[in-house]
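Residue-level listing of the chains:
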Amino acid sequence: MPKGRPNTMNNYGVLLHELGLDEPLMTPLRERFLQPLMALLYPDCGGGRLDSHRAFVVKYAPGQDLELGCHYDNAELTLNVALGKVFTGGALYFGGLFQAPTALTEPLEVEHVVGQGVLHRGGQLHGARPLGTGERWNLVVWLRASAVRNSLCPMCCREPDLVDDEGFGDGFTREEPATVDVCVLT
């Protein structure tokens, strides 16, 4: 089977599209559940116009990745779900938005709870404290809205030059997605 790294910072994990899980699992999850929720919670950063994603599982374990330095995601919004196993440590910490950097003097810390997830803006500075013991597996879904990123790249903060690509092409598309009608949801 093909095996790419989940992202540029994690060395251990798997891309869900490599397992054939994008169309049967992740796309319906994004379209039916995450997009309507994000339209209510994050309307100002593309929550109602999510049209692509990058989903992967990352693994933290002794002798492998133990922590993750402060960074921001290549996404408008991110879902991070603790899948297991038994572990101590490895809390998430959050600072300000990378577009408006401030010193991380007192970051907000969130402990992972197996079976629970955290939603945050992709541009939110964040990281993971060192794992204490055990193994921690997380499902991470980078949610993308081409209507937002086509005008301003979330990584370089410039207008992108679009080129044709296979699949989701890092979330940049030439077509405008449909907008979720929040009134229908409430």
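Residues numbered from 1 in each chain as written. Predicted model: local features only at pLDDT ≥ 70, side-chain atom pairs only at ≥ 80, totals over all residues. Heavy atoms only, no water.

(A) Local environment of the side chain of Asn7. Among the secondary structure elements, Asn7 is positioned in the segment before strand S1 (13–15). Within the structure, the side chain of Asn7 is placed 2.7 Å from the backbone nitrogen of Met9, a separation counted as a polar contact. (Helix = DSSP H or I, 4+ residues; strand = E, 2+ residues; numbered from the N terminus. Polar contact = N/O pair within 3.5 Å; in protein donor to acceptor, adjacent residues only side chain to side chain.)

(B) Fine view of the packing of aromatic side chains. According to the stated counting rule, one finds one aromatic pair in the structure shown. Between the aromatic rings of Phe56 and Trp142, the centroid separation amounts to 5.2 Å while the plane-to-plane angle is 85 degrees, which identifies the pairing as edge-to-face. Of this pair, Phe56 sits in strand S2 (residues 52–60) while Trp142 is found in strand S11 (residues 136–144), placing the two residues 86 residues apart along the sequence. For Trp142, a relative accessible area of 10% gives the class buried. Note that Arg136 overlies the ring of Tyr60, its terminal NZ or CZ placed 4.2 Å from the centroid. (Phe/Tyr/Trp six-rings, centres within 6.5 Å; stacked < 30°, edge-to-face > 60°. Buried < 20%, exposed > 50% of the residue type's maximum accessible area, 1.4 Å probe, protein only. Lys NZ or Arg CZ within 6 Å of the ring centre and 35° of its normal.)

(C) Expanded view of the sheet that holds strand S6 (residues 92–97). Spatial ordering of the open sheet is given by S3-S9-S6-S7, a layout of four strands whose pairing is antiparallel. Either end of the sheet is taken by a strand with one partner, and the two such strands are strand S3 (68–71) and strand S7 (108–110). This sheet shows a mean twist of 20 degrees between the axes of neighbouring strands, independent of strand direction. (Pairing = 2+ DSSP bridges. Axes fitted to C-alpha atoms, helices over the stretch in contact; angles between N-to-C directions.)

(D) View of the pairing of strand S4 (residues 77–84). The element S4 is largely enclosed, with a buried count of seven among its eight residues. Where S4 and strand S8 (residues 117–121) come together, five bridges link them in antiparallel fashion. Within S8, the residue paired with Leu77 across the bridge is Arg121.

(E) The layout of surface pockets, seen in detail. Of the voids in this model, the largest pocket is the one considered here, and its volume is about 360 Å³. What lines the largest pocket is a set of 28 residues, among which Asn7, Phe56, His71, Asp73 and Trp142 lie closest to the centre. Counting only elements with at least two residues in the lining of the largest pocket, the list comes to S2, S3, S4, strand S9 (124–128) and S11. Counting residues per element, the lining of the largest pocket draws most heavily on S11, which supplies five residues. The residue inventory of the lining of the largest pocket, partitioned by class, reads 12 nonpolar, 11 polar and five charged. (1 Å grid on protein atoms, 1.4 Å probe; cavity = no way out; pocket = protein on both sides within 12 Å on 5 of 7 lines; lining within 4 Å. Points joined across faces, edges and corners; volume = space filled by probe spheres on them. Nonpolar A, V, L, I, M, F, W, Y, C, P; charged D, E, K, R; others polar.)

(F) Fine view of helix H1 (residues 22–41). Between its first and last C-alpha atoms H1 spans 24 Å; for 20 residues at 1.5 Å apiece the expected length is 28 Å, and the helix comes up short by more than 12%. Of all bends in H1, the biggest is about 45 degrees, found at Leu34, and the proline Pro36 comes one to four residues later. Within the span of H1, buried status applies to Asp22, Met26, Thr27, Pro28, Arg30, Leu34, Gln35, Pro36, Met38 and Ala39. (Expected span 1.5 Å × (residues − 1). Bend = angle between axes of the 7 residues up to and from the residue.)

(G) Region of the structure containing the nonpolar core. By size, the foremost hydrophobic cluster in this structure holds 16 residues, and its most contacted members are Leu16, Met38, Leu50, Leu77, Leu139, Val141 and Leu143. At the level of elements, H1, S2, S4 and S11 are the ones that each hand at least two residues to this core. Not counting residues within four places of it along the chain, the set of residues in contact with Met38 comprises Pro43, Gly47, Leu50, Leu77, Leu119 and Leu143. Core analysis: the next-biggest nonpolar cluster, separate from the first, contains 14 residues, Val58, Ala75, Phe94 and Val118 among them. (Core = buried A, V, L, I, M, F, W, Y, C linked by side-chain atoms within 4.5 Å. Contact = heavy atoms within 4.5 Å.)

Just geometry here; none of it tells us what the structure is for.
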